[in-house]
Amino acid sequence: MNTNRRIRLYIEKDIKVGDCCELSQEQSHYLCNVMRCKEGDFIHCFNERCGEFLSKIIKIDKKHSAIEPQEQIKS
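Keep in mind that what you see is a predicted model, and the values were worked out from it rather than measured.

(A) Examining the overall build of the chain more closely. Summing up its helical and strand segments, the chain has 1 helix and 5 strands in all. Helices and strands appear in the chain in the N-to-C order β-β-α-β-β-β. Counting only C-alpha atoms and orienting by the principal axes, one finds that the chain spans roughly 30 × 25 × 20 Å. Counting across all 75 residues of the chain, residues that qualify as buried make up 36%. The long-range share in the chain, meaning contacts at least 24 apart out of those at least 6 apart in sequence, stands at 52%.

The structure is reproduced here in structure tokens:
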């Protein structure tokens, strides 16, 4: 993934380091088709309750994708 871009994705569910988070079909489409992400790429996921996390894409296709938060960046 190009390190000059920072992809941020809002996640409604609670976010915890090490937990697998399944993405919606719309989020999967965005990452796969619009941003052209691949498995192993990193994105930032966030919400107002848990903060922001650096997350690794562990599964990706245009309908089903999953990320795994690696570390909390902001609380």
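(B) Quick look at the sheet that holds strand β5 (residues 66-74). The 5 strands lie next to each other as β1-β3-β4-β5-β2, forming an open sheet whose pairing is mixed. Edge strands, defined here as strands with exactly one partner in the open sheet, are β1 (8-10) and β2 (21-22). Two elements, strand β3 (residues 42-47) and strand β4 (residues 51-59), share 6 bridges in a ladder whose sense is antiparallel. Counterpart to Phe42 in the pairing with β4 is Lys56. In the packing of helix α1 (residues 25-34) onto the sheet, contacts are made with β1, β3 and β4, and the angle to β1 comes to roughly 170°.

(C) Here's a closer look at the side chain of Glu52. Locating Glu52 in the fold gives a position in strand β4. Not counting residues within four places of it along the chain, the set of residues in contact with Glu52 comprises Arg6, Arg8, His44, Cys45, Phe46, Glu71, Gln72, Ile73 and Lys74.

(D) The arrangement of the pairing of β3 in detail. As judged from the 3 bridges shared by β1 and β3, these two strands associate in the parallel manner. Bridge pairing links Arg8 to His44 in β3. Once β3 ends, the chain turns through 3 residues before running back antiparallel as β4.

(E) How the structure looks around the pairing of β5. Bridging between β2 and β5 involves 2 bridges; their strand directions are antiparallel. In the strand pairing of β5, Cys21 is matched with Ile67. The sheet contact formed by β4 and β5 spans 7 bridges and is antiparallel. Each residue of the ladder has a partner; that of Leu54, found in β5, is Glu71.

(F) Here's a closer look at the nonpolar core. In terms of nonpolar packing, the biggest core is built from 16 residues, with Ile11, Leu31, Cys37, Ile43, Ile57 and Ile67 touching the most fellow members. Going through the elements one at a time, β3 and β4 are the ones with two or more residues in this core.

Rules used in this analysis
Residues numbered from 1 in each chain as written. Predicted model: local features only at pLDDT ≥ 70, side-chain atom pairs only at ≥ 80, totals over all residues. Heavy atoms only, no water. Helix = DSSP H or I, 4+ residues; strand = E, 2+ residues; numbered from the N terminus. Buried < 20%, exposed > 50% of the residue type's maximum accessible area, 1.4 Å probe, protein only. Contact = heavy atoms within 4.5 Å. Pairing = 2+ DSSP bridges. Axes fitted to C-alpha atoms, helices over the stretch in contact; angles between N-to-C directions. Core = buried A, V, L, I, M, F, W, Y, C linked by side-chain atoms within 4.5 Å.

Note that every value here comes from positions in space, so none of it alone points to a role or purpose.
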